[in-house]
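Descriptive structure summary
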Amino acid sequence: MKTKYIDFITQTFDFPNEEFNLEGNDLTFHDVNLMELVQKFGAPLRFTYLPKISDNISKSKRWFTNAMKKLNYKGKYHYCYCTKSSHFSFIMNEVFKNNVHIETSSAYDINIVENLIAQGKINKSTYIICNGFKRDQYIKNIARLLNNGFNKTVPIIDNYEELDLLQEAIDGKFKIGIRIAAEE
């Protein structure tokens, strides 16, 4: 029976990989000695390697660019960072170095968006994709953005009732996206 952590890692992941490596008996992540961090800060340990965020965004953009060229797709691709991934300011600051748009999933996320607007991190040319179930406060917050001229705010509706509620709350025309559950 395999009971060591390294056994779990080797059966679960391709190891070593571009991020993790073994140097002697020490596990490193992008040349950062994780054992030294555990000894200094204790365990369990969680840390964020900020350069990897930009690397992954660039990789995603590159994949889409290549696929669009290969398929002769004439549309545009806009990378949207999902605030539910992490809303910590140090992470958001790294994300916004990459010319991205934003995706929300709750009423609370709109408060984050409004804070980002106040800080000048996003503006009226930024797409704000509003996913998630639309409870009353989320509808009100989405409407506030649209009614304040953030016309690239796009609610993604899950059902027709959401559309009715949005139409009641929003002055004028607005764009929507439609979520389609493929398995249904």
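Each remark here, short or long, concerns the structure printed above.
A brief report on the enclosed structure follows. (Residues numbered from 1 in each chain as written. Predicted model: local features only at pLDDT ≥ 70, side-chain atom pairs only at ≥ 80, totals over all residues. Heavy atoms only, no water.)

Counting its secondary structure elements, the protein contains 7 helices and 8 strands. The globule rule puts the C-alpha radius of gyration for 184 residues at 16 Å, and the 21 Å found for the protein is more than 25% above it. Its C-alpha atoms give the protein principal-axis dimensions of roughly 65 × 40 × 35 Å. Taken across its 184 residues, the protein has 32% of its residues classed as buried. (Helix = DSSP H or I, 4+ residues; strand = E, 2+ residues; numbered from the N terminus. Rg over C-alpha atoms; globule rule 2.2 N^0.38 Å. Buried < 20%, exposed > 50% of the residue type's maximum accessible area, 1.4 Å probe, protein only.)

This brings us to the packing of aromatic side chains. Considering all chains together, one arrives at 3 aromatic pairs under this definition. On the basis of an interplanar angle of 85 degrees and a centroid distance of 5.4 Å, the ring pair of Phe-29 and Tyr-49 is categorised as edge-to-face. Highlighted residues: Phe-29 in strand 2 (residues 26-29) and Tyr-49 in the loop between helix 2 (34-41) and helix 3 (50-70), separated in sequence by 20 residues. Exposure remark for Phe-29: the relative accessible area of 11% places this residue in the buried category. Aromatic side chains Phe-88 and Phe-90 sit 5.9 Å apart centroid to centroid with 15 degrees between the ring planes, which places their arrangement in the stacked category. Looking at Phe-88, the relative accessible area reads 49%, which means it is partly exposed. Here Phe-90 falls in the partly exposed class, since its relative accessible area comes to 40%. One Lys or Arg, Lys-124, reaches over the ring of Phe-150 and ends 5.4 Å from the middle of that ring. (Phe/Tyr/Trp six-rings, centres within 6.5 Å; stacked < 30°, edge-to-face > 60°. Lys NZ or Arg CZ within 6 Å of the ring centre and 35° of its normal.)

Interaxial distance between helix 6 (residues 136-147) and helix 7 (residues 160-169) falls to 9 Å at its minimum, and their mutual angle equals 45 degrees. In terms of axis orientation, helix 6 runs oblique to helix 7. Between helix 6 and helix 7 the crossing geometry is right-handed. Mapping the contact onto sequence places Ile-139, Ile-142, Ala-143 and Asn-147 in helix 6 and Glu-162, Leu-165, Leu-166 and Ala-169 in helix 7. When the residues that make up the contact of helix 6 with helix 7 are grouped by side-chain class, the tally is 6 nonpolar, 1 polar and 1 charged. (Axes fitted to C-alpha atoms, helices over the stretch in contact; angles between N-to-C directions. Parallel < 35°, antiparallel > 145°, perpendicular 65-115°, else oblique. Left-handed = near helix turned anticlockwise from the far one by under 90°. Contact = heavy atoms within 4.5 Å. Nonpolar A, V, L, I, M, F, W, Y, C, P; charged D, E, K, R; others polar.)

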